[in-house]
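Chain and residue survey
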Amino acid sequence: MARMVIHTIGALVPLSRPGWVEAGHHLLAGLELAVRDVNASGGVAGRPLRLEVRDTAADPDRAAAAVEELAGLEVAAVTGEFHSVAARAAAERAHALGVPYLCSSAVLDALTGQPTDSVARLAPAQSHGWRVYGDFLLAAGHRRVAVATQPSLYWASGTRILRDHLAPHGATVVELDMSALSPEALCAALVEHRASALLLLVGHPEPAAPIVTSVRRDPRLAGLLIGAPAGQPELPGWAELLGADGAAIPFLRYLPERPTPLGRRVGSALRDGLGRAPSFVAFEGYDAILVLADALRTRGAAGAWPDVAVEGTRGEIRFSRVPGIGVWQWAWAPVQVADRDPADPARFRVLHTG
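Right, let's walk through the structure included here. Bear in mind the structure is a predicted one, so any value in this text is a computation, not a measurement. (Residues numbered from 1 in each chain as written. Predicted model: local features only at pLDDT ≥ 70, side-chain atom pairs only at ≥ 80, totals over all residues. Heavy atoms only, no water.)

**Remarks on the pattern of salt bridges**
Stated precisely, the cut-off is as follows: The term salt bridge refers to a pairing of a side-chain nitrogen on Lys or Arg with a carboxyl oxygen on Asp or Glu at a separation within 4 Å. The way it works is that DSSP assigns letters per residue, a run of H or I at least four long becomes a helix, a run of E at least two long becomes a strand, and they are numbered from the N terminus. Note on exposure labels: buried denotes an accessible area under 20% of the residue type's maximum, exposed denotes more than 50%, and partly exposed covers the range between, all computed with a 1.4 Å probe on protein chains only.
Tallying each qualifying case throughout the model produces 19 salt bridges. Of the charged contacts in the structure, one is a salt bridge between Asp117 and Arg321, with a shortest N-O distance of 2.7 Å. Of this pair, Asp117 sits in the loop between strand S4 (101-103) and strand S5 (119-121) while Arg321 sits in the loop between strand S13 (319-320) and strand S14 (328-330), and the two are 204 residues apart along the sequence. When its relative accessible area of 51% is taken as the criterion, Asp117 is described as exposed. Among the residues examined, Arg321 registers a relative accessible area of 36% and is labelled partly exposed. As a salt-bridge pair, Arg299 and Asp307 come within 2.1 Å of each other at their nearest N and O atoms.

Given below as structure tokens:
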């Protein structure tokens, strides 16, 4: 009997610390659901899809090594990854090996050091999404913005984007290094700088959660807006850890204001599988598999990014070249600034779209 030919997709997912494990579980849930759905509808030209999952733990070296290993297994493509530093390492190795890599969730603009045809991305570039966040801050009247930050290429890039976008409007951005400050010392610095908004450009749960708790408890900062553009409050663990303190903290997420019919169906299935509301990261995982299945179906190989035209869970997905972005890019996934409703932290409010 002839052996069934299978399309194998390599999946890079942060499933252990210091990676954001909760985000990894949502990403994997989306990937796995889409593979099941594609296979239930006949696969790709009668050939089923299969995932080969690798845990990156948000580590660049592990991500690059995983791409190398998956290339040796002759996977049709690699997808996934949430953390920008790990995704950058994966994209560089994929470019060097000529392996198609579809980055589902990382946003760092410079995903590769040079233009490449091997790599495409679903998530909006950081410069696009974080400018939308800057517009939200300006519209809300914030002109003295502080960022609590840690040493990281991703956080440094975000700070630069915000500063460059806000400065022409007379707004200032002051950096407060959390490797040198306690949460209590941060509160004192916020008072000293007369900041009207504090953005959390730090890891979760540490030190983000202690910062939120300290700021909420400090009567001098009662009117201060806390924001988290990287999306930490989207995932249920945030609300479980912080409760009411975690509400009214605006963050970026990549969902349409009104879900598509496919988005509603997939959202319901993801909720059943996860036992809780799916984050935008789960939808990114689902859409990544749809894109790769479309490429395999239309061209017989992944990586034919300009030929992709697929209806995803958040709208039609096509890839193009965007100035300043060295990979094929969906321009753009929908962008929202949302928060958790203080009256019901399980419910989200959309505050701004871009």
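Still to come is the rest of the account.
**Looking at the sheet that holds strand S9 (residues 225-227)**
The condition that has to hold: By definition, two strands form a pair when at least two bridges between them are found by DSSP. Between N-to-C directions, angles span 0 to 180 degrees; the directions come from axes that are lines fitted to C-alpha atoms, helices contributing only their stretch in contact. Should any heavy atoms of two residues lie within 4.5 Å, those residues are considered in contact.
With respect to topology, four strands assemble into an open sheet ordered S7-S6-S8-S9, the strand pairing being parallel. Every other strand in the sheet has two partners, leaving strand S7 (172-177) and S9 as the edge strands with one partner each. Averaged over all neighbouring strand pairs, the angle between strand axes comes to 25 degrees, with direction disregarded. Here strand S6 (residues 144-149) runs beside strand S8 (residues 197-201); their pairing, made up of five bridges, is parallel. Within S8, the position partnered with Ala148 by the bridge is Leu200. Against the sheet, helix H7 (residues 208-217) makes contact with S6, S8 and S9, and its axis sits at roughly 165 degrees relative to S8, the strand it touches most.

**Quick word on the packing of helix H1 (residues 21-40) against helix H9 (residues 261-274)**
The cut-off we apply is this: By the definition adopted for this analysis, an angle is roughly parallel if under 35 degrees, roughly antiparallel if over 145, roughly perpendicular if from 65 to 115, and oblique otherwise. Take the far helix as the reference: if the near one is turned anticlockwise from it by less than a right angle, the crossing is left-handed, and if turned clockwise, right-handed. We call Asp, Glu, Lys and Arg charged. Ala, Val, Leu, Ile, Met, Phe, Trp, Tyr, Cys and Pro are nonpolar, and the rest, Gly among them, are polar.
In the contact formed by H1 and H9, the axes pass within 10 Å of each other and the chain directions differ by 120 degrees. Considering their axes alone, H1 and H9 lie oblique with respect to each other. When the axes of H1 and H9 are compared, the crossing they make is right-handed. The residues of H9 that touch H1, namely those facing His25, His26, Ala29, Gly30, Leu33 and Asp37, are Arg265, Val266, Ala269, Leu270 and Leu274. Partitioning the contact of H1 with H9 into residue classes produces six nonpolar, three polar and two charged.

**Topic: the side chain of Arg340**
Convention followed: His is not counted, nor are the chain ends; Lys and Arg add positive charge and Asp and Glu add negative charge. Under this definition, polar contacts are N or O atom pairs within 3.5 Å; protein pairs additionally need one hydrogen-donor-capable and one acceptor-capable atom, and for neighbouring residues in sequence, both atoms have to be side-chain atoms.
Relative to the helices and strands, Arg340 resides in strand S15 (residues 336-341). It is Glu234 that comes nearest to the buried, bridge-free Arg340 among opposite-charge side chains, at 6.4 Å. A distance of 2.8 Å separates a polar atom in the side chain of Arg340 from the backbone oxygen of Pro233. Within the structure, the side chain of Arg340 is placed 3.4 Å from the backbone oxygen of Leu235, a separation counted as a polar contact.

**Things to note about the nonpolar core**
Here is the rule we go by: By nonpolar core is meant a set of buried Ala, Val, Leu, Ile, Met, Phe, Trp, Tyr and Cys residues that side-chain atoms within 4.5 Å join together.
Ranked by size, the top nonpolar core spans 73 residues in total, and within it Leu102, Trp130, Ile289, Val291 and Phe319 carry the most contacts. Examining the composition of this core, we find that 13 residues originate from one element, helix H10 (residues 280-299), more than from any other. Once you skip the residues sitting within four places of it in the chain, Ile289 turns out to touch Ile9, Leu31, Ala34, Val35, Val38, Leu49 and Leu51. In this structure, Ala195, Val215, Ile226 and Trp238 belong to the second largest nonpolar core, which totals 24 residues.

**A short note on the pairing of S8**
For clarity, the threshold we go by: Seen with its strands pointing away from the viewer, a crossover is right-handed if its path from the first strand over the helix to the second goes clockwise.
Counting buried residues in S8 gives five out of five residues, a clear majority hidden from the surface. Residues Ala197, Leu199 and Leu201 line one face of S8 and the alternating positions Leu198 and Leu200 line the opposite face, and both faces are buried. Sheet topology places S8 next to S9; three bridges connect them, and they run parallel. Opposite Leu199, over in S9, you have Gly227 as the bridge partner. Regarding the hand of the β-α-β motif, the stretch spanning S8, H7 and S9 is right-handed.

**Concerning unusual backbone geometry**
Each neighbour pair has its own omega, and for Arg17 with Pro18 the value is 10 degrees, a cis peptide bond. Structurally, Pro18 is set in the loop between strand S1 (7-13) and H1. The omega torsion across Glu206 and Pro207 is 0 degrees, close enough to zero to call that bond cis. As for its position among the elements, Pro207 is in the loop between S8 and H7. Not every positive phi belongs to a glycine, and Ala58 is a case in point at roughly 65 degrees. Tracing the backbone shows Ala58 in the loop between strand S2 (49-55) and helix H2 (60-72). At Arg194, a residue that is not glycine, the phi angle is positive and equals roughly 55 degrees. Assignment of secondary structure puts Arg194 in the loop between helix H6 (183-193) and S8.

**Notes on the packing of H2 against helix H3 (residues 84-97)**
Across the interface, H2 lies against H3 with an axial gap of 7 Å and an inter-helix angle of 35 degrees. Viewed along their axes, H2 and H3 form a crossing whose handedness is right-handed. Between H2 and H3, the contacting residues are Pro60, Ala63, Ala64, Val67, Glu68 and Ala71 on the first element and Val85, Ala86, Ala89, Ala90, Arg93, Ala94 and Leu97 on the second. Here the residues of the contact of H2 with H3 are counted per class, giving 11 nonpolar, no polar and two charged.

**Topic: H10**
Short version of the rule: To estimate how far a helix should extend, the number of its residues minus one is multiplied by 1.5 Å.
Compared with an ideal rise of 1.5 Å per residue, which puts 20 residues at 28 Å, H10 spans 28 Å between its outermost C-alpha atoms and is within 8% of the ideal. Counting buried positions along H10 gives 17 out of 20 residues, so the element sits mostly inside the fold.

Nothing here speaks to function; it is geometry throughout.
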